[in-house]
Amino acid sequence: MGVDACRTGWVAVALCAEGRFAGADTAAGLSELLGRFPDAAVVAVDMPLGLLRAGWREAEALAVAMVAPHRSRVFPVPPRGVWEAGEYDDANQRCRELTGQGLSRQTWGLAAKLREANACRDGGDHRLYEVHPEVSFAAVDESRPVAWSKKSWNGQAVRRRLLGDQGIVLPDDLGPAGRVPPDDVLDAAVAAWSARRIALGAARSLPDPPQEADTGLPAAIWY
């Protein structure tokens, strides 16, 4: 199963054992969504999983190289102390103290869902693996990042074609998930592609081997 954050919460796309589309759903909370797919062997989530005590993670620097020249598609992930702040100004100050650099408001916008996803994995749901959809799409297309934005007509058409080439054909009627913006559904679908690769033991990680988070769990982007 692949999961992406969206305005209303989270959206999931599930694949069958053969890698074909098997269903999609959405929920306000990640725990609720995971509970609807208890048989999912691997859950690939488009959200940083695994934080450091200080400094920047290695995963994002390596991901930038994979999606170049589209560097803005990857956000650097600061250490845990930054995410524990109550508001942006405090988080920005902590980021400067721990990394020597400031924190963008766009990155801080991930705070609530980042905490939610890490709480699920740190709480014992080790089916969760971190993915980055743009890294996964690049991997699908033989290390070529998609040139067009995922919010554009061209960008969405290319991403649907790449998924279709992998046997993941999204139906016209996705039920409740069909009310989620198309780019979020496409991100969840390619996350599911990565999840299947993880389940089959065919996935790779950035970095390889993964960095160790402050919890002792891996900190890496899988594809």
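A. The arrangement of the nonpolar core in detail. Of all hydrophobic cores here, the largest spans 31 residues; its most connected members are Met1, Val3, Trp10, Leu30, Val43, Trp108 and Leu128. When sequence neighbours within four positions are dropped, the list of residues in contact with Val43 reads Met1, Val3, Leu34, Arg127, Leu128 and Tyr129. Counting 23 residues, the second largest nonpolar core, distinct from the first, contains Val13, Ala24, Leu174 and Leu186.

B. Structural detail: the packing of aromatic side chains. This structure, assessed with the given rule, holds 2 aromatic pairs. Centre to centre, the rings of Trp83 and Trp108 are 6.2 Å apart; their planes meet at 15°, and the pair counts as stacked. Of this pair, Trp83 sits in helix H3 (residues 80–83) while Trp108 sits in helix H5 (residues 105–108), and the two are 25 residues apart along the sequence. Classification of Trp108 as buried rests on a relative accessible area of 14%. On the basis of an interplanar angle of 90° and a centroid distance of 5.6 Å, the ring pair of Tyr129 and Trp222 is categorised as edge-to-face. Taken together, the residues span a long stretch of sequence, with Tyr129 in strand E5 (residues 128–130) and Trp222 in strand E7 (residues 218–222) at a distance of 93 residues. Over the ring of Phe137 we find Arg159; its NZ or CZ atom is 5.6 Å from the centre of that ring.

C. How the structure looks around the packing of helix H7 (residues 133–140) against helix H8 (residues 153–165). With their axes 10 Å apart at the nearest point, H7 and H8 run at an angle of 60° to one another. Taken together, the axes of H7 and H8 are oblique relative to one another. Regarding H7 and H8, the two cross each other, and that crossing is left-handed. From H7, Glu134, Phe137 and Val140 reach across to H8, where they touch Arg159, Leu162 and Leu163. Considering only residue class, the contact of H7 with H8 consists of 4 nonpolar, no polar and 2 charged.

What counts, and where the lines are drawn
- Residue numbers here run from 1 along each chain, matching the order of that chain's written sequence.
- Totals for whole chains, interfaces and linings use all residues, but because this is a predicted model, local features are given only for residues with pLDDT of at least 70 and pairs of side-chain atoms are given and counted only at 80 or more.
- By convention in this description, side-chain values take in all heavy atoms of the structure and omit both hydrogens and water.
- In plain words, nonpolar cores are sets of buried Ala, Val, Leu, Ile, Met, Phe, Trp, Tyr and Cys residues tied together by side-chain atoms within 4.5 Å.
- Summary of the burial criterion: residues with accessible area below 20% of their type's maximum are buried, those above 50% are exposed, and those between are partly exposed, where the area comes from a 1.4 Å probe applied to protein chains only.
- By definition, residues are in contact when any of their heavy atoms lie within 4.5 Å.
- We call Phe, Tyr and Trp rings a pair once their centres come within 6.5 Å, taking the six-membered ring for Trp, and we label the pair stacked below 30 degrees between planes, edge-to-face above 60, and tilted otherwise.
- Helix and strand assignments follow DSSP, with helices taken as H or I runs no shorter than four residues and strands as E runs no shorter than two, numbered in order from the N terminus.
- Lysine and arginine charges are scored as sitting over a ring when NZ or CZ, respectively, is within 6 Å of the ring centre and within 35 degrees of the ring normal.
- Whenever a helix is involved, its axis is fitted only over the stretch in contact; in every case the axis is a line through C-alpha atoms, and angles between N-to-C directions fall within 0 to 180 degrees.
- Each angle gets one of four labels, with under 35 degrees taken as roughly parallel, over 145 as roughly antiparallel, 65 to 115 as roughly perpendicular, and the rest as oblique.
- In this scheme, a crossing is called left-handed if the near helix is turned counterclockwise away from the far one by less than a right angle; it is called right-handed if the turn is clockwise.
- Residue polarity follows a fixed list, in which Ala, Val, Leu, Ile, Met, Phe, Trp, Tyr, Cys and Pro are nonpolar, Asp, Glu, Lys and Arg are charged, and the others, Gly among them, are polar.

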